[in-house]
Amino acid sequence: MLRVSALFTVPGDALAGAAAVGRVPDRGTALAVGASLCLYEAGMALNDWADRDEDAVDRPHRPIPSGRISPGAALAAAGALTVAGLALASRAGRPALAVASGLAATVWAYDLRLKHTPAGPAAMAAARSLDLLLGAVATGERTPGGPSARAGRGAATSDGPGSGSASGSGSASGLGTRAPGRGSAVPAALLLGAHTCAVTSVSRHEAQGGSTTAPLLALAATAALGAATLRERPEPGRPAPSTSGARTLALTAFTGAYLRTAGLPLLHAALNPSPPLTQRAVGGGIRAMIPLQAALAARAGAPLTGLAVMGLAPLARTLARKVSPT
């Protein structure tokens, strides 16, 4: 019910969000990751509860139709995980709690009302975008009992809990370039959301198959997103020239992994839109979020963060052979 193999696609949201605003992951980032994991699993449990009648016909092996888990237990788990996620987000500060509340509301609205409507893919995209923004607003926030970290990349000191700027950006000049603001995470959030929207559109056909249009459109979206990710994004706080080569290499490698992971299964599903190949395309699209998150981190000038995110890909791939991410 909790789709453990898909969990590895979650931590990269917060890490990419932290990279997008030019901050080093800290305790707030860890709290955002914990909140995201709880809310993601809450959505999984709620999804199975909401789809229990449909799954009884199309997927009788699912936990609720098979009798392994009762509907009440699934609903209770969804509620408890939502509360836990919001509690963790509150420890990262009010902005993080506000974003997490919007994320939780989106998850519940999607599962209970929007999933089978034309707004379904957009709602799922909004959830992923908000998850990345959660990492952006949580990183550097004052945490109870912890420091108020406002440092940009490579900075050793901060200007205080309300400034949002660093004393240094990690640039070779050391002239105190202002770190990117939180709004700089929006483009990365939109790219991740667009990928999620494309995958969700394909997932609507995974039970019966038969749609060539959905995987073709998703394949075109994947190519466009890959190109957009590779495009330069000038901003204050971009990495020093001495590190730009490593960033470019990492960005190219991670984007290539994204295109390969998402594109090949989508191409196969477009050529033969059978349920098994459509399901494989959806699974590939879910796993492709990891290299996309890594590419977004490298694009923001944090190739080491991207490399850490990519370390989750082998784990997700191995577990996906045992537990389907869909």
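How each quantity is defined
- Residues numbered from 1 in each chain as written.
- Predicted model: local features only at pLDDT ≥ 70, side-chain atom pairs only at ≥ 80, totals over all residues.
- Heavy atoms only, no water.
- Helix = DSSP H or I, 4+ residues; strand = E, 2+ residues; numbered from the N terminus.
- Buried < 20%, exposed > 50% of the residue type's maximum accessible area, 1.4 Å probe, protein only.
- Contact = heavy atoms within 4.5 Å.
- Salt bridge = Lys/Arg side-chain N within 4 Å of Asp/Glu carboxyl O.
- Polar contact = N/O pair within 3.5 Å; in protein donor to acceptor, adjacent residues only side chain to side chain.
- pLDDT = per-residue confidence, 0-100.
- Phe/Tyr/Trp six-rings, centres within 6.5 Å; stacked < 30°, edge-to-face > 60°.
- Lys NZ or Arg CZ within 6 Å of the ring centre and 35° of its normal.

Right, let's get into the overall build of the protein chain. Scanning the protein chain from N- to C-terminus turns up 13 helices and zero strands. Element order for the protein chain, N to C, with α for helix and β for strand: α-α-α-α-α-α-α-α-α-α-α-α-α. Looking at the protein chain residue by residue over its 326 residues, the buried ones come to 51%. Put simply, of all contacts in the protein chain between residues at least 6 apart along the chain, 75% involve residues at least 24 apart.

Let's shift gears to the pattern of salt bridges. Any two side chains of opposite charge can pair, on the condition that their charged atoms come close. In the structure shown here, the tally under the stated rule is three salt bridges. Ionic pairing is found between Lys 115 and Asp 51, a salt bridge with its closest N-O pair at 2.3 Å. Here Lys 115, found in the loop between helix H5 (94-114) and helix H6 (120-138), pairs with Asp 51, found in the loop between helix H2 (27-50) and helix H3 (52-58); they are 64 residues apart in sequence, far enough to count as distant. Accessibility expressed as a relative area gives 7% for Asp 51, which makes it buried.

Mapped onto the secondary structure, Gln 293 falls in helix H11 (residues 289-299). Judged by its relative accessible area of 1%, Gln 293 falls in the buried class. A polar atom in the side chain of Gln 293 sits 2.6 Å from the side chain of Asp 13. Setting aside residues no more than four positions away along its own chain, Gln 293 makes contact with Thr 9, Gly 12, Asp 13, Ala 16, Arg 128, Leu 192 and Val 309.

Structurally, the position occupied by Leu 312 is in the loop between helix H12 (303-310) and helix H13 (313-320). Leu 312 sits in the buried class, given a relative accessible area of 19%. Considered as a pair, Leu 312 and Thr 9 are 303 residues apart in the sequence and their alpha carbons are 7.7 Å apart. Other than its neighbours up to four places away in sequence, Leu 312 contacts Phe 8, Pro 11 and Ile 290.

With respect to the secondary-structure elements, Leu 249 resides in helix H9 (residues 241-271). The exposure class assigned to Leu 249 is exposed, which follows from its relative accessible area of 62%. C-alpha separation for the pair Leu 249 and Ala 298, spaced 49 residues apart in sequence, amounts to 9.0 Å.

Moving on, we get to the confidence of the model for the protein chain. For the protein chain, per-residue confidence averages 84 on the pLDDT scale, and residues scoring 70 or more make up 81% of the total. Every residue in residues 238-242 is under pLDDT 50, and counting partners more than four places away or in other chains gives nine contacts.

In terms of residue burial, helix H1 (residues 11-20) counts as a mostly covered element, since 10 of its 10 residues are buried. Taken together, the buried positions of H1 are Pro 11, Gly 12, Asp 13, Ala 14, Leu 15, Ala 16, Gly 17, Ala 18, Ala 19 and Ala 20. Elements in contact with the buried residues of H1: H2, H6, helix H7 (186-203), H11 and H12. Gly 22 occupies a position one or two residues after H1 and carries a positive phi of about 70°.

Per the counting criterion, the structure on display carries zero aromatic pairs. Its guanidinium or amino end placed over the ring of Trp 49, Arg 52 lies 4.4 Å from that ring's centre, counting from NZ or CZ.

With respect to the helices, strands and loops of the structure, Arg 299 is situated in helix H11. Residue classification places Arg 299 among the buried residues on the basis of a relative accessible area of 11%. At 3.3 Å, the side chain of Arg 299 and the backbone oxygen of Thr 229 are in polar contact.

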